[in-house]
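Remarks on the overall topology
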Amino acid sequence: MKARVHVMLKDGVLDPQGEAVRHALGALGFEGVEGVRQGKVIELDLAPGTTEAQVGEMCEKLLANTVIESYRVEVL
Amino acid sequence: MRAAVLVFPGSNCDRDLAQAFRAAGFETQMVWHKETALPEGTDIVGVPGGFSYGDYLRCGAIAANSPICRALVDHAGRGGYVFGPCNGFQILTETGLLPGALLRNAGLKYICRTEPLLVGETDSVFTRGYGAGEEIMIPIAHHDGNYYADAETLDRLEGEGRVAFRYGRNPNGSQRDIAGILSANRRVLGMMPHPERAADPGHGGTDGQRLFAHLSGALAAA
């Protein structure tokens, strides 16, 4: 089983890197980009029998810092 | 008094911190991250600056889950003292010993220069050598020092007098200019600036020396 974990800064937490990307897109002439949020994607190769709940626990303990980040688990 | 300075792969201020502890009279031991226990009789644990585990995943995240950090959390739980400058502060927030998190600097740049700090709370073993509101000059050197916590947490920190240091001119976007905070029992201090780099005349400044000197005096008297 494979799982993909999407980690994003929570709404309301300033994302300076996303802002820099937004400015760069504007400088390249791409108009109409009103906001950019940058996150990360973590792919996990999991042994058979690993549960989605265990992946959730991995996110809570290590993969995301829930003070500033939210996460979403996608089982592939 | 005994100090233990943790060493992670990528720590680079561990010897500076040990030197500051030693100069203040602490018997100081370095402790490798794979150890599962602190040296017997450790009074204070120093969590040094640097780039533990290459800052992979998030600054301090991997270090916070290392074997020695379980011993660190137990030490703090028993009322032990902990001091974490820079990456040490990031690690302390990742362990949950201190609230909040350190985000990328608002200006996106790594900043390495000496900054004015204003002393906040002086009722702690770390800050009692300073006057409340006193301005001191301490070096900063970080890319992810933008302190973030939700409004409720910030209000609580301020209400409980747990803001140890604020920036005189906010260099990194930190909420409410916060540069360093104390735990609820005031025995854990995390701060982005580096007092251990202003602890000897050869450093070009000695404003950080008082932190170690008073810490040493307070623990010797305890």
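The structure contained in this document is the topic of the report that follows. Since the model is a prediction, treat every value here as computed from it, not as a measurement. (Residues numbered from 1 in each chain as written. Chains lettered and ligands numbered in written order. Predicted model: local features only at pLDDT ≥ 70, side-chain atom pairs only at ≥ 80, totals over all residues.)

Before going further, it helps to examine the interface of chain A and chain B. Frequently, the measure chosen for interface size is the accessible area that the parts lose on association. On the side of chain B, twelve residues touch chain A, which itself brings nine residues to the contact. With three residues, helix 1 (residues 16-27) of chain A is the largest single contributor of residues to the side of chain A that touches chain B. When grouped by side-chain class, the residues that make up the side of chain A that touches chain B number seven nonpolar, two polar and no charged. (Contact = placed C-beta atoms within 7 Å. Helix = DSSP H or I, 4+ residues; strand = E, 2+ residues; numbered from the N terminus. Nonpolar A, V, L, I, M, F, W, Y, C, P; charged D, E, K, R; others polar.)

Another aspect to go through is the sheet that holds strand 2 (residues 40-45) of chain A. Residues and elements named next belong to chain A. Read across the open sheet, the three strands follow the order 2-1-3; overall the sheet is antiparallel. The sheet is open, and its two edges are formed by strand 2 and strand 3 (69-75), each paired on a single side. The average undirected angle you get between the axes of adjacent strands in this sheet is 20 degrees. Where strand 1 (residues 2-9) and strand 2 come together, six bridges link them in antiparallel fashion. Each residue of the ladder has a partner; that of lysine 2, found in strand 2, is aspartate 45. Sitting on the sheet, helix 2 (residues 52-63) is in contact with strand 1, strand 2 and strand 3, with an inclination near 155 degrees to strand 3. (Pairing = 2+ DSSP bridges. Axes fitted to C-alpha atoms, helices over the stretch in contact; angles between N-to-C directions.)

Below, the discussion takes up unusual backbone geometry. Residue and element names in this part refer to chain B. With a phi angle near 60 degrees, cysteine 86 is a residue other than glycine that sits in the positive phi range. When you line up the elements, cysteine 86 lands in the loop between strand 4 (81-85) and helix 4 (87-95). Classification of cysteine 86 as buried rests on a count of 31 C-beta atoms within 10 Å. Of note in this structure, arginine 176 is not a glycine but carries a positive phi near 50 degrees. With respect to the helices and strands, the residue arginine 176 is situated in the loop between strand 9 (163-167) and strand 10 (178-182). Under the C-beta neighbour-count criterion, arginine 176 is labelled partly exposed, with 15 such atoms within 10 Å. (Buried ≥ 20, exposed ≤ 12 C-beta atoms within 10 Å, placed from the backbone.)

All names here are of chain B. Reading across the sheet, the nine strands line up as 2-1-3-4-11-10-9-6-7 and stay open at both edges, with mixed pairing between neighbours. The open sheet has two free edges, formed respectively by strand 2 (27-32) and strand 7 (135-142), since each of these has just one partner strand. Pairwise comparison of adjacent strand axes, ignoring direction, gives a mean angle of 20 degrees for this sheet.

The next thing to look at is helix 1 (residues 14-23) of chain B. Each full turn of the α-helix corresponds to 3.6 residues, which orients residues three or four apart in the same direction. All names here are of chain B. When helix 1 is considered as a whole, its buried residues turn out to be Asp14, Asp16, Leu17, Ala18, Ala20 and Phe21. Taken together, the buried residues of helix 1 touch strand 1 (2-7), strand 2, strand 3 (44-46) and helix 6 (209-221). Backbone geometry just downstream of helix 1 places glycine 25 in the positive-phi region, at approximately 100 degrees.

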